[in-house]
Amino acid sequence: MSEKGSGRDRLFRLLVHRFRQNRWMLAAALAVAIAVHLTAPSGAWLVAGVLALFVVAALAPSRTADQRRVEAAEVANGAGLAGLSSENLAAAVTDPLIVFDGAGAVVHANAAASAAFGALSPGILLLLKFRAPEMQETIQAVLFGRETARETDYVERVPIERVYRVTASAVGRNTGLYVMVFKDQSEARRIDRMRADFIANASHELRTPLASVSGFIETLRGPARDDAAAREQFLQIMQAQTARMARLIDDLLSLSRLEMKPYFRTGAKVELRDVLDSVIASLAPLAADSGVVIERDFSDTAAAVFGDRDELIQVFENLMENACKYGQKGGRVVVSVAGPEADPEGETTVTVRDFGPGIPEEHIPRVTERFYRIDAETSRAQKGTGLGLAIVKHILTRHKAWLSISSKLGEGAAFTVHFPPE
């Protein structure tokens, strides 16, 4: 091949490689090169190539700026989402979402909406699906153009009660489409109610002994000022009431600390049998006063778990104290420990069983709620605060453990703590 031919080939490949993404620029360069070659004498192909490169260099900045403007316009017009359908976009929303037209008929409902409200096939009228007055008013306000967007609260009562914050608005401008998004507020409402109930219950529990102490003080300063026997009796009652308030405040503070740090993992191992021996020894006076004997039923193998020793002592103190107080008619309390080898799931378990009157079945799911009492008078007589099992539940949650309760009326109750495998 001649030097002229090989040079042309190299120049051609260079131009194609350099400007393959800018075909119009390549065409201009080639046009200049061909024109110069046809009019110039032999050997002028090199001059033609150089001129072509100058032409491209002159035109390239203008072309790049134009390209950037076009790309920006495409992005602004949403060309980057052209490959996504409205169904795909709706499916990406985790909250229930319904798209409807100007007649109030469903155009599309995502999977979350179908799961929450049942079948929502295209064409179903929303005014017939949601008959609550607040929903009717919201849908009509958006459809008739009275408001571009509107929010309301909606309660779905079946199969379970759910509270939603509903936002309805038009989709774009003059599209003829509208959208409703349902934000589930049920958990937030439940927490708000629980907090309000907790404050009300705590206030009530504190108000009762406080009123008692206040009344006795007033009596001692008045009619019983010089009555030594009455003064001694009233002071004893006042001491018991202030002790009750102190226990309640201590339990409230303990519960608050646990809720501030619900999870933890410690590297320390705690031998449960040592913990239980310590608790049994500390509760010996209470057991004797209650006429109860605490019996041990420990396995021979080690039963060690990761945990906080002081918190685990608090757990078993609460469980054994309740067993002694409320199961005293049975005359004994049995504490048993089983290591992971005795359980098919590999759990380590501790069971505190009493032989008292037992717990009615309908109360069992609620006994770990704050201030929940099966018999309020009996609980107060036993100096209970109504927070002991709630504290147990929170401590076990921190240890990734859980509490199960079984009971039969007249046969006592068994509280079993389950520690997961390591």
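Just so you know, these numbers come straight off a predicted model, no measurement behind them.

Here is what the cut-offs are and how they apply
- Just so you know, the residues in each chain are numbered from 1, in the order the chain's sequence is written.
- Where local features are concerned, this predicted model is filtered to residues with pLDDT of at least 70; where side-chain atom pairs are given and counted, the filter is 80 or more; whole-chain, interface and lining totals use all residues.
- Water and hydrogen atoms play no part in the side-chain values, which are based on all heavy atoms of the structure.
- Think of a salt bridge as a Lys or Arg side-chain nitrogen and an Asp or Glu carboxyl oxygen that are within 4 Å of each other.
- Strands here mean DSSP runs of E at least two residues long; helices mean DSSP runs of H or I at least four residues long; both are numbered from the N terminus.
- A simple rule labels every residue: compare its accessible area, found with a 1.4 Å probe on the protein chains alone, to the largest value its type can have, and call it buried under 20%, exposed over 50%, or partly exposed in between.
- Note on terminology: a nonpolar core comprises buried Ala, Val, Leu, Ile, Met, Phe, Trp, Tyr and Cys residues joined through side-chain atoms within 4.5 Å.
- The contact definition used throughout considers only heavy atoms, calling two residues in contact when any of these lie within 4.5 Å.
- Two strands qualify as a pair provided DSSP detects at least 2 bridges between them.
- Think of each axis as a best-fit line through the C-alpha atoms, taken over the contacting stretch in the case of a helix, with angles from 0 to 180 degrees between the N-to-C directions.
- This arc corresponds to the set of directions leading from the helix axis out to the C-beta atoms.
- Whenever two N or O atoms come within 3.5 Å, that pair is a polar contact, provided that in protein one can donate a hydrogen and the other can accept it, and provided that, for residues adjacent in sequence, both atoms are side-chain atoms.
- Reported orientations rely on four angle classes, namely roughly parallel under 35 degrees, roughly antiparallel over 145, roughly perpendicular from 65 to 115, and oblique for the rest.
- Working rule for handedness: look at the near helix, and if it is turned counterclockwise from the far one by less than a right angle, call the crossing left-handed; if clockwise, right-handed.

### Here's the deal with the pattern of salt bridges
Side chains carrying opposite charge are able to pair once their charged atoms draw close together.
Okay, step 1: Across all of its chains, the model carries 12 salt bridges by this definition.
Okay, step 2: Note that Arg-189 and Asp-153 form a salt bridge whose closest N and O atoms lie 3.3 Å from each other. With Arg-189 in helix H8 (residues 186–221) and Asp-153 in strand E3 (residues 149–156), this pair connects stretches of sequence that are 36 residues apart.
Okay, step 3: Owing to a relative accessible area of 32%, Asp-153 belongs among the partly exposed residues under this scheme.
Okay, step 4: With a shortest N-O distance of 3.0 Å, Arg-398 and Glu-311 are connected by a salt bridge. With Arg-398 in helix H14 (residues 388–398) and Glu-311 in helix H12 (residues 309–326), the pair connects residues that are 87 residues apart, well separated along the chain.
Okay, step 5: Here the salt bridges share partners, and the residues they tie into one network are Glu-151, Asp-153, Arg-165 and Arg-189.

### A closer look at unusual backbone geometry
Glycine aside, residues mostly have negative phi, and peptide bonds are mostly found in the trans state.
Okay, step 1: Of note, the phi angle at Asn-174 is positive, near 60°, even though the residue is not glycine.
Okay, step 2: Relative to the helices and strands, Asn-174 is located in the loop between strand E4 (162–170) and strand E5 (177–184).
Okay, step 3: Note on Asn-174: relative accessible area 83%, which makes it exposed.
Okay, step 4: One non-glycine residue, Lys-400, lies in the positive phi region at around 60°.
Okay, step 5: Among the secondary structure elements, Lys-400 is positioned in the loop between H14 and strand E11 (402–408).
Okay, step 6: Residue Lys-400 is classed as partly exposed on the basis of its relative accessible area, which comes to 48%.

### Examining the nonpolar core
Nonpolar side chains in soluble globular proteins tend to be buried together.
Okay, step 1: By size, the foremost hydrophobic cluster in this structure holds 47 residues, and its most contacted members are Phe-316, Leu-319, Met-320 and Phe-419.
Okay, step 2: Of all the secondary-structure elements, those providing two or more residues to this core are helix H9 (228–260), helix H10 (272–282), H12, strand E9 (332–338), strand E10 (348–354), H14 and strand E12 (412–419).
Okay, step 3: The greatest single-element share of this core, amounting to eight residues, is contributed by H12.
Okay, step 4: With residues near it in sequence (within four places) discarded, Met-320 still touches Leu-276, Val-279, Ile-280, Leu-283, Val-335 and Val-352.
Okay, step 5: Judged by nonpolar contacts, the second largest core, of 21 residues, contains Phe-117, Leu-120, Tyr-164 and Tyr-178.

### Focus: the sheet that holds strand E1 (residues 97–101)
The pairing of strands in a sheet happens through backbone hydrogen bonds and is either parallel or antiparallel.
Okay, step 1: Taken in spatial order, the five strands make up an open sheet running E2-E1-E5-E4-E3, and their pairing is antiparallel. At either end of the open sheet lies a strand with only one pairing partner, and these are strand E2 (106–109) and E3. Each strand axis lies, on average, 20° off the axis of its neighbour in the sheet, ignoring direction.

### Points about H10
Okay, step 1: Residues Leu-272, Val-275, Leu-276, Val-279 and Ile-280 constitute the buried set of H10. What you see down the axis of H10 is that its buried residues fit within an arc of 130°, all on one side.

### Comments concerning the side chain of Asp-95
Okay, step 1: Of note, Asp-95 is situated in the loop between helix H4 (86–91) and E1.
Okay, step 2: Here the side chain of Asp-95 touches Lys-183 through a polar contact of 3.4 Å, side chain to side chain.
Okay, step 3: If sequence neighbours within four positions are ignored, Asp-95 has contacts with Asn-110, Ala-112, Val-181, Phe-182 and Lys-183.

### Quick look at the pairing of E4
Okay, step 1: Note: E3 against E4, eight bridges, orientation antiparallel. When the bridges of E4 are listed, Tyr-154 appears paired with Tyr-164.
Okay, step 2: Connecting E3 to the next strand, E4, in antiparallel fashion are five residues.
Okay, step 3: In terms of strand pairing, E4 meets E5 through seven bridges, oriented antiparallel. Counted as the bridge partner of Ser-169 is Val-179 from E5.
Okay, step 4: Here E4 folds back onto E5 in antiparallel fashion, the turn holding six residues, of which Gly-172 has a positive phi close to 65°.

### Points about the sheet that holds E11
Okay, step 1: Here we have five strands laid out as an open sheet, ordered E7-E9-E10-E12-E11, and mixed in their pairing. Where the open sheet ends on each side, the last strands, each with one partner, are strand E7 (293–298) and E11. Across this sheet, the average inter-strand angle for adjacent strands is 15°, counted without regard to direction.
Okay, step 2: For E10 and E12, the ladder comprises six bridges, and the chain directions are antiparallel. Paired with Thr-349 across the strands is His-418, a residue of E12.
Okay, step 3: Of the strands in this sheet, E7, E9, E10 and E12 touch H12, which is tilted by about 170° from E12.

### Things to note about the packing of H10 against H12
For any two helices packed against each other, the geometry is given by the interaxial angle and the distance between the axes.
Okay, step 1: In contact at an axis separation of 9 Å, H10 and H12 are set at 50° when each is read in the N-to-C sense. Classified by the interaxial angle, the pair formed by H10 and H12 is oblique. With respect to the hand of their crossing, H10 and H12 are arranged in right-handed fashion. Residues Leu-272, Asp-274, Val-275, Leu-276, Ser-278, Val-279, Ile-280 and Ser-282 of H10 form the contact with H12, whose own contacting residues are Arg-309, Leu-312, Ile-313, Phe-316, Glu-317 and Met-320.

Scope: geometric values only; no functional claims are made or implied.
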